[in-house]
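Chain by chain, the residues:
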Amino acid sequence: MRKIMTGNEAIARGAYEAGCTVAAAYPGTPSTEILENIAQYEEIYAEWAPNEKVAVEVAAGASIAGARSLSAMKHVGLNVAADPLFTMAYEGVNGGFVIVTADDPGMHSSQNEQDNRLYAQHAKVAMIEPSDSQECKDFIKLAFEISEKFDTLVLFRITTRIAHSKSIVELGERQEVGVKEYKKDVKKYVMIPAHARVKHVEVEERLKRLQEYSNTTPLNRIEWGDTKIGIITSGVSYQYAKEVFGDNASYLKLGFTFPLPDKLIKEFASKVDKLYIIEENEPYIETFVKALGINCIGKELIPICGELNPDIIRRALLGEKERETYSVEVKVPNRPPVLCPGCPHRGIFYAMSKYKDIIATGDIGCYTLGMMPPLNVTDTVIDMGAGISAAIGFEKAAMMAKRKNKIFGIVGDSTFFHSGITGLIDAVYNNSPIVAVILDNSITAMTGHQENPGTGKTLKGDISPVIDIKGIVKACGVKEENIRVVDPYKLDETEKAVKDAYNATEPFVIITKQPCALLKDVLKKRAGRYVKVNEEKCKKCKVCLKVGCPAVAFKNSNIVIDKDMCNGCTVCLQVCPFNAIEKVGEWND
Amino acid sequence: MTKSLLFVGVGGQGIILASKILTEGLVKFGFDVKMSEVHGMAQRGGSVTTQVRFGEKVYSPLIGEGEADVIVAFEKVEAARWVKYLKKGGTLVVNDYEIYPQSVLVGQEVYPDDVIQKLKEKVENVVVFNAAEVAEKLGNIKAQNMVLLGALIKALGIENLDWESVIKENLPEKMHELNIRAIKEGMKLS
Ligand SMILES: Cc1ncc(C[n+]2csc(CCOP(=O)(O)OP(=O)(O)O)c2C)c(N)n1
Ligand code: SF4
Ligand code: SF4
């Protein structure tokens, strides 16, 4: 059967067909849909782990136990999981073990543009790169086989345009491989120095065998065309190269990209007049080719920064001009993302925005948008977890400099479970009087609404215990009198908590509790509710615009509220000094 | 010959579904198809683009500036934002509908009121209608994405294929009648 699928759907399908039985991940664009799709196969146990390190360790344990196992994450997730990655590179596998890394050239939704191909080289594990959805499916199956044959974990590297592009896939059947027998083998699975020293030697030998394989596998293939130009490429860059050069060039299309095939590259290079390396971001292939002593053209013409596309290649390598097109003289307003109407994060940011001397170390999630006007609260965003831990460093530096700012560290619920807890422990342990603000909207919203340990549901949809955030906060040693749990739709209560926090001299925690406005149950419950402006009372002071709700606009010299967008959170109503905003619709609680 | 088309608009307008129906249909009718989506983030109101390319054999899923045979803009200023991707002589289908971005809502930027006129001055083939009104007349404003899809199918010259069956295969039964009428109505508009 033929089906049009995204790369992520095809990877899930491939894992299914390969007989994968355990999969664990933490969401992250553009990788999230891999586990969401895997979860639909009954034959595979699939879970959201609290973070990527846990996910990789779950999959590693499953592999050692004998299961074909998979973990998937966005590129920065692999930084979090780097520790188990490097040691599992030594331990090898029992059941095949594949980690999918989804990189994001162009940073459509990421904080950096790291090229995770370098991780394969660094950790010394095999790497595979597909270039469309069919290859996503086929190569995942091969990845499991290679993993078992060479006793290595396999890094499966995709990018946004592979993950989120659709193309046609020929489906196959599931191959039942079962869960292999587990035999205790401490020399393999207990990485004490004595064992690791032996393993390192084995890893180097494994690399030699893998390189031989790389030279002969059909994953790396030559497509002969005109030999005046030779192109070495991999991943989606192969598609762009084909689009531009068609049959007017020859291609060495690489699907197995660590170790790179030295002999095949030499053979190919010797038969073409001019050699181009077409790859996105880092000169990964290029550096290898140059180290072989082969002349080639790569990053001197093709940019390192940003996403590649056929037009960049046309301009860089063929000197083609831009195509004729249209332009209109209209000043087009930007459309950056904003907190939704009725977003539960709005109230606390509004309350904090009133204190001009607060420093807010933020974090990653919908609430990153607390940095945007008109709220303008957030000062820093680094990585998941840093919302709390960077606050501590900020506080300590401010103390040493005798500055008086109050430091608020802001994290979401999913981020708190991911890596905020250790920061909070640090704050208590090292007595840092920061305020940790935990925005509990009962979902991992930013990545498209995934369950997490606080939502009471698993990835498979089963009911599970709700991990109590306040209980964790208390267990970390924050005193009961320094904890506030507030409803962020109630501004007075929220403002009071911010004021108490501002004046606190010990580690303090505010937990805001209100589910994301886009959750189905919330949409249903609040469907009939909205607010409107009483034009007689409205003095056009525009204070309501300061909450930054997309439903509130200043149009034709009037404040208007879009009733279809409004969810009746009443935050704007509460800030209006003239009681000019009124509730309309059905309010039954 | 590979054809390229671009759907542009704002999250929540039904672009993803319209492009899904289109690609499912194109596959069914034997084309090679590539499609690429950037759906921004989870929040409401961000811009959404979907690129679709189809033909005998398609390599790149991406469309360059001046390369799209048809652009369907679900929102007016999005048409202006993306018009540079339109090929000379290509068709621009514009929904006469506005959604204010945040900067406009708070009065920092202005929403240009003459977008359609400006587009018409430069682009030879512009098709404008209010898909929401059309859909509302058909019985449900939510079908506006299918009205726009119908106009696109006509602009591409593939209206003779069996789109009715594609709808039937990809949507729940209770949505068939409305969406089939919406596609047909859209075809009459371009
Ligand atoms: C290490 C790492 N993993 C995953 C991501 C992707 N990511 C960004 S925000 C986010 C979740 C945020 O959820 P939460 O903290 O609950 O905030 P919300 O979006 O719900 O407001 C995720 C998974 C990331 N940026 N970094
Ligand atoms: S998706 Fe939910 S959490 Fe994110 S901005 Fe919208 S309402 Fe807020
Ligand atoms: S009540 Fe006000 S702030 Fe809340 S969603 Fe409606 S318009 Fe926006």
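Starting from 1, residues in each chain are numbered consecutively following that chain's sequence as written. Here the convention is simple: chains get letters from A, ligands get numbers from 1, in the order in which they are written. Per-residue local features are limited, in this predicted model, to residues with pLDDT of at least 70; the limit for side-chain atom pairs, both in listing and counting, is 80 or more; totals at the level of whole chains, interfaces and linings are taken over all residues. The side-chain quantities take in all heavy atoms of the structure and omit both hydrogens and water.

Description of the overall build of chain A
Thinking step 1. Where helices and strands are cited, they refer to DSSP runs of H or I of at least four residues and of E of at least two residues respectively, numbered from the N terminus. The helix and strand inventory of chain A stands at 21 helices and 22 strands.
Thinking step 2. Think of it in three bands: with a 1.4 Å probe and only protein chains considered, a residue is buried below 20% of the maximum accessible area for its type, exposed above 50%, and partly exposed in between. Relative to its 589 residues, chain A shows a buried fraction of 59%.
Thinking step 3. Residue pairs in contact within chain A that sit at least 24 positions apart in sequence constitute 75% of those at least 6 positions apart.
Thinking step 4. Side chains of chain A give 73 positive and 76 negative charges; the mean places of these two sets differ by 4 Å. For this analysis, residues touch if any pair of their heavy atoms sits within 4.5 Å. Two residue types count as positive, namely Lys and Arg, and two as negative, namely Asp and Glu; His and chain ends fall outside the count. Each charge is placed at NZ for Lys, CZ for Arg, CG for Asp and CD for Glu.

Some words on the site of ligand 2
Thinking step 1. Throughout this document, a residue counts as near a molecule or strand when at least one of its heavy atoms sits within 4 Å of that molecule or strand. Taken together, Leu339, Cys340, Cys343, His345, Cys366, Asn441, Ala445, His449, Cys516, Ala517 and Leu518 of chain A together with Gln43 of chain B make up all the residues around ligand 2.
Thinking step 2. What surrounds ligand 2 is not a single chain but chains A and B.
Thinking step 3. Any residue outside Ala, Val, Leu, Ile, Met, Phe, Trp, Tyr, Cys, Pro, Asp, Glu, Lys and Arg is labelled polar, Gly included; the first ten of those are nonpolar and the last four are charged. Partitioned by chemical class, the residues of the shell around ligand 2 number 8 nonpolar, 4 polar and no charged.

Some details on the pairing of strand β18 (residues 508-513) of chain A
Residue and element names in this part refer to chain A.
Thinking step 1. Burial within β18 is extensive, with 5 of its 6 residues counted as buried.
Thinking step 2. Two strands form a pair only when DSSP identifies at least two bridges running between them. Alignment of strand β16 (residues 435-440) against β18, held across 6 bridges, turns out to be parallel. Residue pairing in the sheet places Val435 in a bridge with Phe508 of β18.
Thinking step 3. Alignment of strand β17 (residues 483-486) against β18, held across 4 bridges, turns out to be parallel. Looking at the pairing, Arg484 lines up with Ile510 of β18.
Thinking step 4. The handedness rule is simple: strands pointing away from the viewer, and a clockwise path from the first strand over the helix to the second, make the crossover right-handed. Following the backbone out of β17, through helix α19 (residues 491-503) and into the adjacent parallel β18, one traces a crossover that is right-handed.

Let's talk about the pairing of strand β2 (residues 22-25) of chain A
Residues and elements named next belong to chain A.
Thinking step 1. Burial of β2 is two-sided: the residues Val22 and Ala24 facing one way and the residues Ala23 and Ala25 facing the other way are all buried.
Thinking step 2. The pairing of β2 with strand β3 (residues 45-48) spans 4 bridges and is parallel. Residue pairing for β3: Ala24 is matched across the bridge by Glu47.
Thinking step 3. Of the pairings in the sheet, the one linking β2 to strand β4 (residues 69-74) comprises 4 bridges and is parallel in character. Considered in β4, the bridge of Ala25 is made with Ala72.

With respect to helix α14 (residues 310-318) of chain A
Residues and elements named next belong to chain A.
Thinking step 1. Taken residue by residue, α14 has Pro310, Asp311, Ile313, Arg314 and Leu317 as its buried positions. Each buried residue of α14 sits inside an arc of 160° when the element is viewed along its axis, so together they form one side.
Thinking step 2. Where the residues of α14 are buried, they touch α11 (235-245) and β13 (274-278).
Thinking step 3. Here α14 starts with a cap whose side-chain oxygen sits 3.0 Å from the backbone nitrogen of Asp311, and that cap is Asn309.
Thinking step 4. Gly319 sits one or two positions beyond α14 and adopts a positive phi of about 65°. By construction, the arc corresponds to the directions joining the helix axis to the C-beta atoms. A 3.5 Å cut-off defines polar contacts: any pair of N or O atoms within that distance qualifies, except that in protein one atom must be a possible hydrogen donor and the other a possible acceptor, and neighbouring residues in sequence count only when both atoms are side-chain atoms.

Quick word on the domain arrangement of chain A
All names here are of chain A.
Thinking step 1. Domain extents, as shown, originate in an automatic or database domain assignment. Entries for chain A in the domain assignment read domain 1 (2-216), domain 2 (220-318), domain 3 (345-521) and domain 4 (526-585).
Thinking step 2. Spacing between the C-alpha centres of domain 3 and domain 4 amounts to 27 Å.
Thinking step 3. In this complex, domain 3 contributes 10 residues to the contact, which on the side of domain 4 involves 14 residues.
Thinking step 4. Two parts lose some accessible area (1.4 Å probe) when they are put together, and adding that loss for both gives the buried area. Roughly 940 Å² is buried in total at the junction of domain 3 and domain 4, and carbon and sulfur atoms are behind 60% of that figure.
Thinking step 5. Area buried by domain 3 at its contact with domain 4 is led by Arg346, Tyr350 and Tyr489, which between them contribute 62% of it.
Thinking step 6. Here domain 3 is connected to domain 4 by 4 residue pairs in polar contact (both at pLDDT 80 or more).

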